[in-house]
Amino acid sequence: MKKILILGAGLWQVPYLRKAKEMGLYVCATDWSESPEGIDYVDVFRCISVRDKEQSLAFAIENNIDAVFTNSDVAVPTAAYIAEILHLPCYSQKQAEIATNKYQMRNFIKSIGLHVPEYYLCHSRMELLEKFRMLNKKAIVKPIDNCGSRGVYIIENEHVLFEVAQDVFENSFSGEILLEEFMIGNESSVEVLVENKTPMILGWCRKNKSPEPYRVDLQLDYFPDASNVENQQVEEMVKTLVDGLQLENGIMHIEFMWTSDGIKIIEFALRGCGSNVITHLMPTLRGLDIMQFLLNKSLGNDTSIQLTKNLFGTLKFIIPHEGVIKSVSGIEKILNIVGLIDFYTDLKEGYQVDTIKNGRLRPGYFIVNGNSKEDVVKKISQVEELLQIEYV
C-alpha cells in the first residue's frame, strides 16, 4: 500500500484526505491543531505546524512515505523541501519560494515579460509611509507570505495607513510587507492543471469583491461565455507563466486584473482555488476528478486530462449583516435544490457576525452549477430566498 503525507488536515484539506482513502492510500497527515476536522480520514497523524520543515521531514522519513501533497499555501515550501530531500515528485524549492513570497513573485513575473502593479517591499511602518508617499496614489498593502486576504487593506491616505499598519505586520510571518498600486479594473482568477509542462485551463472566473477598505472575494462566476479575445489573452498569460516557472506537473491558481493596460497579475499559487472550487465545483463543470489527478501526480503515476463537460457555475459567500444571530432557517429546503453542489455555514443562534476583514471571517458559502448563466442566476436566487436569517 502506497503511503502519502498530506500537509494540513483542516476543513479545506478534508476532501483530499477522503479522496486519498478512496484511492486505497495509507494516509499520513500533519496539522497545527491536535484535533483537525480531517483526522478521521488519517491513518497516522501528528500535531506539527505545516510550516515546520524539519519536524515534517522527520515524520515523513519515520513513515517511509511515497508521496507528499498539500493544497495549503503556507505548506507549499514544506512540501517542496520534503520532496527534494526524499526525491519525490513535486515542485522545486525555488518554485515554491517564488509562489509563496509575493515580492519574489512580482520580481519573477516581471522577469518573464508579464505585467504586475507598481510595488515596493517594506520592513517598518516608517518605510511603509515613505514608499506610500513615493507611490503617491491609492494603494494596497499586504503581507508577502500569508493568504486568505489576511492583513490586506486598501489605502487611500496616511491616516488609514497608520490605522491598519499593525494588523498588516502582525499577519506577516517574515515581518515584510508589500505596498503596491491599487489597480483599476475587473478581477478574475484562473484554474490550471499542468501535465508534462503543458497547461490545461479548467476555467476562469469573474469576481465580485467586498467594499473598501478590505479585499475579500464575495462571488466567483465561472461562465464559459467569454470572448475569443479574452480567452486568448488568458491562455497566453498562463502559458508564459507555466513556461517561465518551468512547472512540469501540478496545479496553479492565478489571480489577475483586467486593466486599461491589459492583464496584470495579482498573484499565483501552486495549489487550486479554495472554498471547494477545485474539489467540488470544477469537477462538475469539467467532468474531471481533479483531486485524483493531483494525488496520482504526487505519486508519480501516469495520468491524462480529459475534459468532458463545459457547464456554468458560481461560488457565492454568505455575508450577513453585522449583529448577533437569533435563528437560521431554510437550509433543509436549500439542500434539495437541483444543481446545488455544496452548502456550508457557521451561522447559528448566538453567532456574532463582525466586519468581514478577511476570507476566514466569511461565515458560509454555497456552490451551484447549471447549463447556462440564467440557470445559475436562478439557483442563486433560490438559495438566497430560502435562507432566512433573524437577528437578536
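First things first, this report covers the structure right here in the doc. All of these numbers come straight from a predicted model, not from anything done at the bench.

On to the side chain of Asp342, then. Examined against the element boundaries, Asp342 turns out to sit in strand 16 (residues 340–345). At 8.8 Å, Arg18 is the nearest oppositely charged side chain to Asp342, a buried residue that forms no salt bridge. A polar contact is formed between the side chain of Asp342 and the side chain of Asn276, at a distance of 2.8 Å. One polar contact links Asp342 to Tyr365, side chain to side chain, over a distance of 2.6 Å. Excluding residues within four positions of it along the chain, Asp342 makes contact with Asn276, His280, Tyr365, Phe366 and Ile367.

One open sheet accounts for eight strands, arranged 13-12-9-10-11-14-18-16; its pairing is antiparallel. Each edge of the open sheet is held by one strand with a lone partner, namely strand 13 (262–269) and strand 16. The sheet shows a mean angle of 20° between the axes of neighbouring strands, direction not considered. One ladder, built from nine bridges, connects strand 9 (residues 186–195) with strand 12 (residues 250–259); its direction is antiparallel. Across the sheet, the residue bridging to Val194 is Gly250, located in strand 12. Taken strand by strand, helix 10 (residues 290–299) contacts strand 9, strand 10 (198–209) and strand 12, and its axis lies near 50° from that of strand 9.

So, on to the nonpolar core. With 53 residues, the main nonpolar core has Met237, Met252, Ile254 and Phe268 as its most contacted residues. Once residues lying within four places of it in the same chain are set aside, the contact partners of Ile254 are Ser188, Ser189, Val190, Val192, Met237, Val238, Leu241, Ile265, Glu267 and Phe268. Ala9, Leu25, Tyr222 and Leu294 belong to the second largest nonpolar core, which has 36 residues in total.

What follows concerns helix 10. In terms of burial, helix 10 is largely enclosed, as nine of its ten residues are buried. For helix 10, the full list of buried residues reads Ile290, Met291, Phe293, Leu294, Leu295, Asn296, Lys297, Ser298 and Leu299. Capping of helix 10 at its N-terminal end is provided by Asp289; its side-chain oxygen lies 3.1 Å from the backbone amide nitrogen of Gln292. At the exit of helix 10 stands Gly300, carrying a positive phi of roughly 85°.

Turning our eyes to something else, we now look at a nonpolar patch on the surface. A contiguous nonpolar surface patch, about 240 Å² in accessible area, is contributed by Leu11, Trp12 and Tyr344. Relative to the assigned elements, Tyr344 resides in strand 16. By relative accessible area, which is 31% here, Tyr344 ends up partly exposed.

This part takes up the side chain of Thr259. With respect to the helices and strands, the residue Thr259 is situated in strand 12. Judged by relative accessible area, which is 16%, Thr259 ranks as buried. In this structure the side chain of Thr259 is engaged in a polar contact, spanning 3.0 Å, whose partner is the backbone nitrogen of Asp261. Sequence-distant contacts of Thr259, defined by excluding residues within four places in its chain, comprise Met183, Ile184 and Lys264.

This part is about the environment of Asn171. Tracing the backbone through its elements, the reader meets Asn171 in the loop between helix 7 (158–170) and strand 8 (177–181). Residue Asn171 is classed as buried on the basis of its relative accessible area, which comes to 18%. Considered as a pair, Asn171 and Asp342 are 171 residues apart in the sequence and their alpha carbons are 30 Å apart. The contacts of Asn171, once residues within four sequence positions are left out, are Pro143, Asp145, Asn146, Arg150 and Gly151. Within the structure, the side chain of Asn171 is placed 2.9 Å from the backbone oxygen of Asp167, a separation counted as a polar contact.

Residues apart from glycine generally show negative phi values, whereas peptide bonds are mostly found in trans. Omega for the peptide link from Glu212 to Pro213 comes to 15°, which places this bond in the cis form. Within the element layout of this structure, Pro213 appears in the loop between strand 10 and strand 11 (217–222). Positioned with a positive phi, Asn136 is a non-glycine residue whose angle comes to about 55°.

Another aspect to go through is the packing of aromatic side chains. The tally for this structure, following the rule as stated, stands at ten aromatic pairs. Taking the centre distance of 5.7 Å and the plane angle of 45° together, the rings of Trp12 and Tyr365 count as tilted. With Trp12 in the loop between strand 1 (3–7) and helix 1 (14–22) and Tyr365 in strand 18 (residues 364–370), the pair connects residues that are 353 residues apart, well separated along the chain. Residues Tyr16 and Phe69 carry aromatic rings whose centres are separated by 5.1 Å and whose planes lie at 40° to one another, so their mutual orientation is tilted. Linking Tyr16 in helix 1 with Phe69 in strand 4 (residues 67–69), this pair joins segments that are 53 residues apart in sequence. Residue class for Phe69 comes out buried when judged on its relative accessible area of 9%.

About the thresholds
Within any chain, residue numbers begin from 1 and follow the written order of that chain's sequence. In keeping with the model being predicted, local features are shown solely for residues with a pLDDT of at least 70 and side-chain atom pairs are shown and tallied solely at 80 or more, while totals for entire chains, interfaces and linings include all residues. Excluded from the side-chain calculation are hydrogens and water; included are all heavy atoms of the structure. Only DSSP runs of H or I covering at least 4 residues are called helices, and only runs of E covering at least 2 are called strands; the numbering of each starts at the N terminus. Each residue is assigned to one of three classes by its accessible area relative to the maximum for its type, calculated with a 1.4 Å probe on protein chains only: buried under 20%, partly exposed between the two thresholds, exposed over 50%. Under the counting rule used here, the positive set is Lys and Arg, the negative set is Asp and Glu, and His together with the chain ends is not counted. Salt bridges are identified by distance alone: a Lys or Arg side-chain nitrogen within 4 Å of an Asp or Glu carboxyl oxygen. In protein, a polar contact requires one atom able to donate a hydrogen and another able to accept it; more generally it is a pair of N or O atoms within 3.5 Å, and residues adjacent in sequence count only if both atoms are side-chain atoms. Here a residue-residue contact requires only that any non-hydrogen atoms of the pair lie within 4.5 Å. Strand pairing is assigned whenever DSSP identifies at least 2 bridges connecting the two strands. Note on method: axes are straight lines fitted to C-alpha atoms, helices fitted across the in-contact stretch only, with angles between N-to-C directions ranging 0 to 180 degrees. Residue types Ala, Val, Leu, Ile, Met, Phe, Trp, Tyr and Cys, when buried and joined through side-chain atoms within 4.5 Å, form a set referred to as a nonpolar core. What goes into a patch is any residue over 30% in relative accessible area without a salt bridge, connected to like charges within 9 Å or, for nonpolar side chains (Val, Leu, Ile, Met, Phe, Trp, Tyr), within 5 Å. Using a 1.4 Å probe, accessible areas were evaluated by the Shrake-Rupley method; residue-level cover was limited to the displayed protein chains. Classification of ring pairs rests on two measures: the distance between centres of Phe, Tyr or Trp rings, Trp counted by its six-membered ring, which must be within 6.5 Å, and the angle between planes, read as stacked under 30 degrees, edge-to-face over 60 and tilted in between.

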